[in-house]
Amino acid sequence: MATYLATALKRLVLTQPAGLASAVRLLPATASLHTAGGPLAKNWNGHNAGPQRWLQYNKVIYPPQQPDEPARPAYVCHQKTNIKYSPKKMWYVASFVRGMTVDEAVRQLSFVDKKGASYVKEAILEAVELAVKRHNVEYRTNLWVAESFCGKGRVFKGMRRHARGRTGEVEYKHCHYFVRLEEGTPPAHYYPAAPKTGEQQLAEWEEAMRKRKVTGSL
């Protein structure tokens, strides 16, 4: 493994400057590095342009509702891909804003001292603009974070030098962030209550047995 990495590094050093210049010119031409299907994703893997299914939920067309049916709340799905951040670290930030209004989420993320908080805040603000401009949401403050999660992206492997002439392998991880904003008031308790313990279930059963009534008794 060490011999293979050393050979790959030697080939990279001996590459012509023209190839490096063309690669450098490609980066400023990209509109956004965090867009699925961009030129950067094509260079990483020609057969995988990044996650696409999440954005397809914005194109769903529902049948007309009946007058007596409750109004269906509007929603918008947005994603930010190829983030240079570990998905394990992003998970804490993504789960932190679930069930919050967009104003509260942006306010709380402004004080979170994590690199992933800036990406999540940017994605939420972009989703709000998308909801107002393309999905006819009347009030931007009447949105709350219904879903917020992250996924694993590309992992680049590199070489790290150690003592005594040895080499090690280092991984540069990327992640994808997904968010869905929904119109309306957020629930009072987003996460379900913890399951009851055996003692609590036994106490409820005993209370139900004491309150039962025998038919035909005095």
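Residues numbered from 1 in each chain as written. Predicted model: local features only at pLDDT ≥ 70, side-chain atom pairs only at ≥ 80, totals over all residues. Heavy atoms only, no water.

Per an unreviewed UniProt entry, the protein goes by Large ribosomal subunit protein uL22m and derives from Anopheles arabiensis. UniProt annotates the protein under Sequence similarities (unreviewed entry) with the comment "Belongs to the universal ribosomal protein uL22 family." (UniProt positions renumbered as here; feature names shortened; annotations may be inferred.)

(A) Representation of the sheet that holds strand β1 (residues 75-83) in the model. Taken together, three strands build an open sheet; the order of strands is β1-β3-β2 and the sheet is antiparallel. Taken across any chain shown, the strands that pair with only one partner, and hence form the sheet edges, are β1 and β2 (143-161). Along the sheet, successive strands turn relative to each other by an average axial angle of 10 degrees, direction set aside. In the sheet, β1 pairs with strand β3 (residues 167-183) via seven bridges, with the strands oriented antiparallel. Bridging from a neighbouring strand, Gln79 pairs with Phe178 of β3. On the sheet, helix α7 (residues 115-134) packs against β1, β2 and β3 and is oriented at approximately 145 degrees with respect to β1. (Pairing = 2+ DSSP bridges. Helix = DSSP H or I, 4+ residues; strand = E, 2+ residues; numbered from the N terminus. Axes fitted to C-alpha atoms, helices over the stretch in contact; angles between N-to-C directions. Contact = heavy atoms within 4.5 Å.)

(B) Summary view of the pattern of salt bridges. Taken as a whole and assessed by the stated rule, the structure comprises eleven salt bridges. Several salt bridges converge on common partners, so that one network encompasses Lys80, Glu122 and Glu126. (Salt bridge = Lys/Arg side-chain N within 4 Å of Asp/Glu carboxyl O.)

(C) Just the packing of helix α6 (residues 102-109) against α7, in detail. The contact between α6 and α7 brings their axes to 9 Å, and the two run at 155 degrees. The orientation of α6 with respect to α7, classified from their angle, is roughly antiparallel. Here α6 runs over α7; the crossing is left-handed. Facing Val102, Ala105, Val106 and Leu109 of α6, the residues of α7 in contact are Ala117, Val120, Lys121, Ile124, Leu125 and Val128. The residue makeup of the contact of α6 with α7, split by class, is nine nonpolar, no polar and one charged. (Parallel < 35°, antiparallel > 145°, perpendicular 65-115°, else oblique. Left-handed = near helix turned anticlockwise from the far one by under 90°. Nonpolar A, V, L, I, M, F, W, Y, C, P; charged D, E, K, R; others polar.)

(D) Examining the nonpolar core more closely. Residues Met90, Val120, Ile124, Tyr177 and Leu181 are the most contacted members of the largest nonpolar core, which totals 29 residues. Mapped by element, the contributors of at least two residues to this core are β1, α5 (87-96), α6, α7, β2 and β3. If sequence neighbours within four positions are ignored, Tyr177 has contacts with His78, Gln79, Lys80, Ile83, Ala94, Val97, Val120, Ala123, Ser148, Phe149 and Cys150. (Core = buried A, V, L, I, M, F, W, Y, C linked by side-chain atoms within 4.5 Å. Buried < 20%, exposed > 50% of the residue type's maximum accessible area, 1.4 Å probe, protein only.)

(E) Representation of the pairing of β3. Two elements, β2 and β3, share 16 bridges in a ladder whose sense is antiparallel. Considered in β3, the bridge of Val155 is made with Lys173. Where β2 hands over to β3, the hairpin turn is made up of five residues, of which Arg164 adopts a positive phi near 60 degrees.

(F) Examining the environment of Gly151 more closely. For Gly151, the location among the structural elements is in strand β2. Residue classification places Gly151 among the buried residues on the basis of a relative accessible area of 18%. Taking the C-alpha atoms as reference, Gly151 lies 9.6 Å from Ser86; in sequence the two are 65 residues apart. In contact with Gly151, not counting residues within four places along its chain, are Pro87, Cys175, His176 and Phe178.

(G) Focus on α7. Over its 20 residues, α7 runs 29 Å from end to end, which matches the ideal 28 Å to within 8%, given 1.5 Å per residue. The set of residues buried in α7 consists of Gly116, Ala117, Tyr119, Val120, Ala123, Ile124, Ala127, Val128, Leu130 and Ala131. Buried residues along α7 sit against β1, α5, α6, β2 and β3. Following α7 by one or two positions, Asn136 adopts a phi angle in the positive range, close to 55 degrees. (Expected span 1.5 Å × (residues − 1).)

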